[in-house]
Amino acid sequence: MNDLSKAIFKLRPGAEFSYTDEDYSSIQWIKLEGNPPTQAEIDAAIEEIKAEEANAKAKTETDKAAAQAKLAALGLTADD
């Protein structure tokens, strides 16, 4: 799923829509409760999503390193 779709679903979870080339101005709303999100709201949501994804990736890497360190302390490897 691309950034525009992720942002729209974050802001309007039940929305149905289509668009062309990730272009805000091309969004065609099929189903929408409330007002369409503004370009600024979508841009902010995209940045928030990117930050959340980066944090999740960093946490995964930290958790993996911690698990490997625990195994190493026991004299084991992930293959053991």
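The preceding data block contains the structure.
So, a few notes on the structure that sits alongside this text. (Residues numbered from 1 in each chain as written. Predicted model: local features only at pLDDT ≥ 70, side-chain atom pairs only at ≥ 80, totals over all residues. Heavy atoms only, no water.)

As a further point, take unusual backbone geometry. Of note, the phi angle at Asp 21 is positive, near 55°, even though the residue is not glycine. If you trace the backbone, Asp 21 turns up in the loop between strand 1 (16–18) and strand 2 (28–31). Given the relative accessible area of 73%, Asp 21 is considered exposed. Positive phi is not limited to glycine here, since Glu 22 has a value of about 50°. Summarising the element assignment, Glu 22 is placed in the loop between strand 1 and strand 2. (Helix = DSSP H or I, 4+ residues; strand = E, 2+ residues; numbered from the N terminus. Buried < 20%, exposed > 50% of the residue type's maximum accessible area, 1.4 Å probe, protein only.)

With their axes 9 Å apart at the nearest point, helix 1 (residues 3–11) and helix 2 (residues 39–73) run at an angle of 100° to one another. Our classification of the angle between helix 1 and helix 2 gives roughly perpendicular. Within the contact between the two elements, helix 1 uses Asp 3, Leu 4, Lys 6, Ala 7, Ile 8, Lys 10 and Leu 11 and helix 2 uses Glu 41, Ile 42, Ala 45, Ile 46, Glu 48, Ile 49, Lys 50, Glu 52 and Glu 53. For the contact of helix 1 with helix 2, the residue count by class is eight nonpolar, no polar and eight charged. (Axes fitted to C-alpha atoms, helices over the stretch in contact; angles between N-to-C directions. Parallel < 35°, antiparallel > 145°, perpendicular 65-115°, else oblique. Contact = heavy atoms within 4.5 Å. Nonpolar A, V, L, I, M, F, W, Y, C, P; charged D, E, K, R; others polar.)

Its place among the elements puts Arg 12 in the loop between helix 1 and strand 1. Excluding anything up to four places from it in sequence, Arg 12 contacts Leu 32, Glu 33, Asn 35, Pro 36, Pro 37 and Glu 41.

This part takes up the pattern of salt bridges. As enumerated under the stated definition, the model contains five salt bridges in all. Across the pair Lys 10 and Glu 52 runs a salt bridge, and its minimum N-O distance is 3.3 Å. Linking Lys 10 in helix 1 with Glu 52 in helix 2, this pair joins segments that are 42 residues apart in sequence. Residue classification places Lys 10 among the partly exposed positions, given a relative accessible area of 35%. For Glu 52, a relative accessible area of 39% corresponds to the partly exposed category. (Salt bridge = Lys/Arg side-chain N within 4 Å of Asp/Glu carboxyl O.)

Judged by nonpolar contacts, Leu 4, Ala 7, Ile 8, Ala 15, Phe 17, Ile 27, Ile 42, Ala 45, Ile 46 and Ile 49 together constitute the single largest core of 10 residues. Broken down by secondary-structure element, the contributors of at least two residues to this core are helix 1 and helix 2. Looking at which element gives the most residues to this core, the answer is helix 2, with four residues. Setting aside residues up to four positions removed in sequence, Ile 42 forms contacts with Leu 4, Ala 7, Ile 8, Leu 11, Tyr 24, Ile 27 and Pro 37. (Core = buried A, V, L, I, M, F, W, Y, C linked by side-chain atoms within 4.5 Å.)

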